[in-house]
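What the coordinates show
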Amino acid sequence: MRIILVDTQLHTQFGANDWPSLFSRVPFLTAAPHTEATSTHNSPNPTDDAHTAPKDSVILPAYSTEDKYEDDPWNLPELQDNGLKWSELDTKGKVLRVLTASVKFILLVGFLYMFVCSLDVLSSAFQLVGGKAAGDIFQDNAVLSNPVAGLVIGVLVTLLVQSSSTSSSIVVSMVSSGLLEVQSAVPVIMGANIGTSVTNTIVAMMQAGDRNEFRRAFAGATVHDFFNWLSVLILLPLEAATGVLYKLTKIIIDSFNIQGGNNAPDLLNVITDPLTDAIIELDKNVISDIATGDPAARNKSLIKIWCKTEKITTLVNITVPSDANCTTGALCWVEGNKTLTQINVTETINLERCNHIFVFANLPDLAVGLILLALSLLILCTCLILIVKLLNSMLKGQVAVVIKKVLNTDFPFPFGWVTGYIAIMVGAGMTFIVQSSSVFTSAITPLVGIGVISLERAYPLTLGSNIGTTTTAILAAMAAPGETLANSLQVALCHFFFNIAGILLWYPIPFTRIPIRLARALGNRTAKYRWFAALYLLLCFLLMPLTILGLSLAGWQVLVGVAVPIVVLAIFIIVVNLMQARCPQYLPSGLRDWDFLPRPLHSMAPWDRVVTSGMAFCGARCCCCCKCCQSTDDEEKGLQERKKSLEIYDNPVLTRDDEPQETSKETMKATQL
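Residues numbered from 1 in each chain as written. Predicted model: local features only at pLDDT ≥ 70, side-chain atom pairs only at ≥ 80, totals over all residues. Heavy atoms only, no water.

1. Looking at the sheet that holds strand β2 (residues 306-320)
If you trace the three strands from one edge of the open sheet to the other, you get β2-β4-β3, paired in antiparallel fashion. Edge positions in the open sheet fall to β2 and β3 (332-335), since each of these has one partner strand only. Looking at each pair of strands side by side, their axes are set apart by 40° on average, direction ignored. Summarising the sheet, β3 and strand β4 (residues 338-353) pair through four bridges and their orientation is antiparallel. Each residue of the ladder has a partner; that of Glu 335, found in β4, is Lys 338. (Pairing = 2+ DSSP bridges. Helix = DSSP H or I, 4+ residues; strand = E, 2+ residues; numbered from the N terminus. Axes fitted to C-alpha atoms, helices over the stretch in contact; angles between N-to-C directions.)

Written out as structure tokens, the structure is:
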């Protein structure tokens, strides 16, 4: 009889009747080499054949079952400090450590400053490239009357100008000039809320070098996307059917005697404007003038040349055909056979040129925009990489423990639920300080990636960021002139209550925090197939909005005829997937898995081979990005080998070198005996 001897560590955990279940749980035992040995282990029952070891017994390497399950990649990593403790350092070492920490902190602040400035320049570059196109899109008022088309236009315009504040200001200008009604502007504001979340998703892609960091960072960025899309999915049909946001904000505007105030305070801009204004300054009124139908604005450049101007209004005599054409209230007289009247003519006198580097460059807006786009992306990526490196070197030991506890620990029972709402207020306050939700969410994305902030804590911070950016818009609207104050403030309040309604839908009850689960699933997918992140951006922020816009322009009948079958199919697939995971017995045998479909329709592996082959082709031609992605398989093999080296070890007492090799089939027979 052949038996298997396993380390005594397992003997203490499993009885004699448990060995078959043990081997069934460790299937890779069948592939292990066999050695002959005599055992010195004490058997629980010496008379039992199951615990005796004849000379020809088959001995397998012992396996530890403690780490049989892979570590959860969503667990925050422990940033351990391998250096000397403070108490072990001499005076020189302590001085050097303090100086090193100070230099790192100064560098971190500097890189953060450059990171924020690069985001500002990136927004200016997008406006130079697509700002006039955004104005042309907004000019078609008939399309904006369709709620779905208005939503998609808000997404696309915000994507083009990389600023929800800019797209919102365009909407306010159109509403104030009477070209767009407030009720038609609400879907556009919803779309602007979606479009602004693309910036931190792009930032997350810069952490694709490390698989688990990329998993967490991409999930931390896309939780914002899923919140916005799910909120729109519920609130846009509700708004189109009932006009609840429009009516609520209308009641507020009519109930209070709201008067204009000062401009919103410039907090972060005071620090960043000296650098960004030295690079480029834009005349953002050009986009608004194009959207409101000013023909002269189409020939103007977005690049501001004169920063200090003065307007002088004078009365000028002009000739009109008859008295009926005279300006109302103005002097009108006849000289000979001519009828003259007076009108006010405003003339702009240029006093002082701007000081940015492109003020004397005789280049079109598109060329300057492409130059700034390339430079800002380069600086953005460089600063982000250096910030992550510095944070990884600084957040170690007790510092990391304190920071992670402060950011991720809940209040004690029964006040644990308060923690999330405090995080929402912190996110709102920080966004109000930096005056940009894109800047705040882009700043916390790398922190989620390196494991300082958990995904569960990043979610309420992101929700607070949505609130913070709307409060800034409300203050800006209250600084509007008296004739446009009511409309401007109503549009800003619609944006505010849209985000409040979204938070009430997807946060108070833990079960409803669906964006976290969706972001985690997408993070797992993109960590396994990194190219899927680019596909996600392309589909969600370009192809899908353009497709919906085209269907909307074709008429609501076409949109409903195409969208309804797709939505029904998507709901069917989701329901079947849930039933396959939880109660497959209630499904027909053919629907208990998707194997009846061609493999490319239910697996990413065939597509991954195609993309990997394409990247290998690019990598042969010195494409650094492709080389990074090409190393994915090598990393997986290295991780598996390291893990196996931890899980499997040979018991030196039970091994003998003179045992001949046997087949795995004989091993299976031995285990059964």
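Right, picking up where we left off after that structure.
2. A few points about the environment of Thr 409
You can see Thr 409 is positioned in the loop between α14 (397-408) and α15 (418-434). Considered as a pair, Thr 409 and Thr 419 are 10 residues apart in the sequence and their alpha carbons are 8.3 Å apart.

3. Some points on the confidence of the model for the protein
Detailed reading of predicted coordinates is not advised where the pLDDT is low. In the predicted model, the protein carries a mean pLDDT of 75, and 75% of its residues have values of at least 70. Segment residues 1-70: pLDDT under 50, and 127 contacts once partners within four positions in sequence are set aside and those in other chains are kept. Throughout residues 625-632 the model reports pLDDT below 50, and contacts reaching past four residues in sequence, or to other chains, amount to 13 contacts. (pLDDT = per-residue confidence, 0-100. Contact = heavy atoms within 4.5 Å.)

4. Concerning the pattern of salt bridges
For the coordinates displayed, the defined rule picks out one salt bridge. The residue Glu 456 makes a salt bridge to Arg 520 at a minimum N-O spacing of 2.3 Å. Here the residue Glu 456 occupies a position in helix α17 (residues 455-478), and Arg 520 occupies one in helix α19 (residues 514-528), the gap between them amounting to 64 residues. Glu 456 sits in the partly exposed class, given a relative accessible area of 39%. Accessibility expressed as a relative area gives 23% for Arg 520, which makes it partly exposed. (Salt bridge = Lys/Arg side-chain N within 4 Å of Asp/Glu carboxyl O. Buried < 20%, exposed > 50% of the residue type's maximum accessible area, 1.4 Å probe, protein only.)

5. Topic: the nonpolar core
Membership of the largest hydrophobic core comes to 56 residues, with the highest contact counts inside it found for Met 190, Phe 218, Val 232, Tyr 459, Leu 463, Ile 503 and Phe 541. Per element, the largest residue contribution to this core is 12 residues, and it comes from helix α9 (residues 211-242). Setting aside residues up to four positions removed in sequence, Phe 541 forms contacts with Leu 156, Leu 159, Ile 194, Ser 197, Val 198, Asp 225 and Tyr 536. Phe 138, Val 143, Ala 185 and Val 188 belong to the second-largest nonpolar core, a separate cluster that totals 39 residues. (Core = buried A, V, L, I, M, F, W, Y, C linked by side-chain atoms within 4.5 Å.)

6. Points about the packing of aromatic side chains
Under the criterion given, the structure shown has 10 aromatic pairs. Between Tyr 421 and Tyr 507 the ring centres are 5.4 Å apart and the planes differ by 90°, which places this aromatic pair in the edge-to-face class. Linking Tyr 421 in helix α15 with Tyr 507 in the loop between α18 (482-506) and α19, this pair joins segments that are 86 residues apart in sequence. Residues Tyr 459 and Tyr 507 carry aromatic rings whose centres are separated by 5.8 Å and whose planes lie at 45° to one another, so their mutual orientation is tilted. One end of the pair, Tyr 459, is in helix α17; the other, Tyr 507, is in the loop between α18 and α19, and 48 residues separate them in sequence. Each of the two residues, Tyr 459 as well as Tyr 507, counts as buried. One cation-aromatic arrangement involves Arg 517 over Phe 511; the distance from NZ or CZ to the ring centre is 5.7 Å. (Phe/Tyr/Trp six-rings, centres within 6.5 Å; stacked < 30°, edge-to-face > 60°. Lys NZ or Arg CZ within 6 Å of the ring centre and 35° of its normal.)

7. With respect to the side chain of Glu 281
Following the sequence through the fold, Glu 281 ends up in the loop between α11 (268-279) and α12 (285-291). Buried and unpaired, Glu 281 has no salt bridge, with Lys 304 as the nearest side chain of opposite charge at 4.6 Å. Sequence-distant contacts of Glu 281, defined by excluding residues within four places in its chain, comprise Leu 302, Ile 303, Lys 304, Cys 307, Cys 354 and His 356. (Lys, Arg positive; Asp, Glu negative; His and termini not counted.)

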